[in-house]
Amino acid sequence: GENVEQHPSTLSVQEGDSAVIKCTYSDSASNYFPWYKQELGKRPQLIIDIRSNVGEKKDQRIAVTLNKTAKHFSLHITETQPEDSAVYFCAASEQAAGNKLTFGGGTRVLVKP
Amino acid sequence: DAGVTQSPTHLIKTRGQQVTLRCSPKSGHDTVSWYQQALGQGPQFIFQYYEEEERQRGNFPDRFSGHQFPNYSSELNVNALLLGDSALYLCASERMPGNTIYFGEGSWLTVV
């Protein structure tokens, strides 16, 4: 089955700096890669996703890149703000028959004011 | 437009008991999946229901079972509860095939 590795497990940045989280996946059949933000005691909230026919996607301060050949994808957050502090999860899925998301272990991001 | 709703939000059970968790998918969605999220970990896929049938299953024992009703809502049942079943149980819905999925707020289960 699919295996998703996520690094780093914790990330501390100064407000205004950029944060980068990297994930690798094992199943070449995976074609959908969402990123979720989870605040303490809350549900995972989708912040951005990318499909395998696209190499990069951007939404305001958030961007995701995908390298299918190397089987890795990354989340980039620019101009970080204290409200970006949360746990971020990457995930991978083969969407042909509905999403069966395999999640990475999570990255705890702390943005220091 | 209501999102994914789950009940109950919190519950405490004793080892060996059985529990039923409920989920109503987002309007227009026909597929429901269940995930278990232990403290400090990422969610783990339990199973997925579509057209009232279990379509995909993760690495969970038979103690975990489910059901989907004609109105697309779903239940997760766990029998013979173990302490290790303590977790946040998340329901997610999507419209087949393979569109963006949305998570509910989850049900916090504590087994004592």
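Quick note: structure is the one above.
Residues numbered from 1 in each chain as written. Chains lettered and ligands numbered in written order. Predicted model: local features only at pLDDT ≥ 70, side-chain atom pairs only at ≥ 80, totals over all residues. Heavy atoms only, no water.

So, about the sheet that holds strand β1 (residues 5-7) of chain B. All names here are of chain B. Pairing is antiparallel in the open sheet, where four strands are placed in the order β1-β3-β8-β7. Lying at the two open borders of the sheet, with one neighbouring strand each, are β1 and β7 (64-68). Within the sheet, the average angular offset between the axes of one strand and its neighbour, ignoring direction, is 20°. Where β7 lies against strand β8 (residues 74-78), five bridges are found, and the strand directions are antiparallel. Looking across to β8, one finds that S65 is bridged to N77. (Pairing = 2+ DSSP bridges. Helix = DSSP H or I, 4+ residues; strand = E, 2+ residues; numbered from the N terminus. Axes fitted to C-alpha atoms, helices over the stretch in contact; angles between N-to-C directions.)

To continue, consider the nonpolar core. Grouped together as the largest cluster of nonpolar side chains are 23 residues, with contacts concentrated most on I21, Y25, F33, W35, F73, L75 and Y88 of chain A. When contributions to this core are tallied by element, the ones reaching two or more residues are β2 (10-14), β3 (19-25), β4 (32-38), β5 (45-51), β7 (62-67), β8 (72-77), β9 (86-92) and β11 (107-112) of chain A. Leave out the neighbours within four places in its chain, and F33 of chain A touches Y25, I48, D49, I50, S52, L66, F73, A91 and A92 of chain A. With 20 residues, the next largest nonpolar core counts L11, A87, Y89 and L109 of chain B among its residues. (Core = buried A, V, L, I, M, F, W, Y, C linked by side-chain atoms within 4.5 Å. Buried < 20%, exposed > 50% of the residue type's maximum accessible area, 1.4 Å probe, protein only. Contact = heavy atoms within 4.5 Å.)

It is worth spelling out the side chain of Q68 of chain B at this point. All names here are of chain B. Structurally, Q68 is set in strand β7. Within the local environment of Q68, its side chain forms a polar contact with the backbone nitrogen of E52, the two atoms lying 3.0 Å apart. A polar contact of 3.2 Å, which involves the side chain of Q68, links it to the backbone oxygen of Y72. If sequence neighbours within four positions are ignored, Q68 has contacts with D30, T31, V32, Y49, Y50, E51, E52, E53, S73 and S74. (Polar contact = N/O pair within 3.5 Å; in protein donor to acceptor, adjacent residues only side chain to side chain.)

With that out of the way, let us pick up the side chain of T20 of chain B. All names here are of chain B. Turning to its location among the elements, T20 is positioned in strand β3 (residues 19-24). Take T20: its relative accessible area is 19%, and that puts it in the buried class. Reaching out from T20, the side chain makes a polar contact with the side chain of Q18 at a distance of 2.9 Å. Among the polar contacts made by the side chain of T20, one reaches the side chain of N77 at a distance of 2.6 Å. Excluding anything up to four places from it in sequence, T20 contacts P8, E75, L76 and N77.

Following the criterion strictly, the structure yields 13 aromatic pairs over all chains and no others. On the numbers, 4.9 Å between centres and 50° between planes, the contact of F33 of chain A with F73 of chain A is tilted. A residue pair is termed long-range when its members are at least 10 positions apart, and F33 of chain A in strand β4 and F73 of chain A in strand β8 qualify at 40 residues. Both residues of the pair, F33 of chain A and F73 of chain A, count as buried. Cluster of aromatic residues (ring-pair linked, three or more members): Y36, F89 and F103 of chain A together with Y35, F45 and F103 of chain B. One cation-aromatic arrangement involves K26 of chain B over Y102 of chain B; the distance from NZ or CZ to the ring centre is 5.2 Å. (Phe/Tyr/Trp six-rings, centres within 6.5 Å; stacked < 30°, edge-to-face > 60°. Lys NZ or Arg CZ within 6 Å of the ring centre and 35° of its normal.)

Consecutive side chains of a regular strand alternate in pointing toward one face of the sheet and then the other. Residues and elements named next belong to chain A. Extensive coverage of β4 is indicated by the burial of seven of its seven residues. Every second residue of β4 is oriented toward a common face, with Y32, P34, Y36 and Q38 on one face and F33, W35 and K37 on the other, all of them buried. In this structure, β4 lies alongside β5, joined through six bridges in antiparallel fashion. What sits directly across from F33, in β5, is I50. Two successive antiparallel strands, β4 and β5, enclose a turn made up of six residues, where G41 displays a positive phi of approximately 75°.

Function cannot be inferred from these measures alone, as they are strictly geometric.
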